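Summary of structural features
Listed here are the chains, written in short residue letters.
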Amino acid sequence: MTLADRVLAGDPRAIARAISLVEDEDPGSAGLMCAIFSRTGHAYLVGVTGPPGAGKSTLVDRLIVEMRQTGLRLGGDRVSVV
C-alpha cells in the first residue's frame, strides 16, 4: 500500500508523514500530492498572510469556530499561520 493510499484511508501516521514531506519540500511530495489531489473532492486551501501582530491567528481561530458551527468539515487540526 502506497503512502497516498494510506493517507486516503485516513491513517494518522501516513497523514503526518505526508504533511512533513510537503512542508520539507521533499522531491517526492509532488508525486504524492498528484496522487491525492484527484480524490480531494471540493476541498479548498485558504491562506491568510500579514505582518506580525496583525491578528492572523485570531482571525483563523474565529473562522474555524464559525465554519464548524455551520457543519462544514474542516482540516483545521493542522493550521499554520505565517
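Just above, that's the structure.
Everything numeric here is computed off the predicted structure, so don't read it as measured data. (Residues numbered from 1 in each chain as written. Predicted model: local features only at pLDDT ≥ 70, side-chain atom pairs only at ≥ 80, totals over all residues. Heavy atoms only, no water.)

Remarks on a nonpolar patch on the surface
- Taken together, L59, L63, M67 and L72 make up a surface patch of nonpolar side chains, about 330 Å² in accessible area.
- Summarising the element assignment, L63 is placed in helix α4 (residues 56-69). (Patch = residues over 30% accessible without salt bridge, like charges linked within 9 Å, V, L, I, M, F, W, Y side chains within 5 Å. Areas by Shrake-Rupley, 256 points an atom, 1.4 Å probe, with all protein chains shown as cover. Salt bridge = Lys/Arg side-chain N within 4 Å of Asp/Glu carboxyl O. Helix = DSSP H or I, 4+ residues; strand = E, 2+ residues; numbered from the N terminus.)

Focus: the packing of helix α2 (residues 12-23) against helix α3 (residues 29-37)
- For the pair α2 and α3, interaxial distance at closest approach is 9 Å and the crossing angle is 125 degrees. One element, α2, and the other, α3, form an angle in the oblique class. The interaxial crossing formed by α2 with α3 has left-handed handedness. Between α2 and α3, the contacting residues are A18, L21 and V22 on the first element and S29, L32 and M33 on the second.
- Partitioning the contact of α2 with α3 into residue classes produces 5 nonpolar, 1 polar and no charged. (Axes fitted to C-alpha atoms, helices over the stretch in contact; angles between N-to-C directions. Parallel < 35°, antiparallel > 145°, perpendicular 65-115°, else oblique. Left-handed = near helix turned anticlockwise from the far one by under 90°. Contact = heavy atoms within 4.5 Å. Nonpolar A, V, L, I, M, F, W, Y, C, P; charged D, E, K, R; others polar.)

Brief notes about the nonpolar core
- Formed by A4, V7, A14, A18, L21, L32 and I36, the largest nonpolar core amounts to 7 residues.
- Elements that contribute at least two residues to this core include exactly α1 (3-8), α2 and α3.
- By residue number, the principal contributor to this core is α2, which donates 3 residues.
- Other than its neighbours up to four places away in sequence, I36 contacts A4, V7 and L8. (Core = buried A, V, L, I, M, F, W, Y, C linked by side-chain atoms within 4.5 Å. Buried < 20%, exposed > 50% of the residue type's maximum accessible area, 1.4 Å probe, protein only.)

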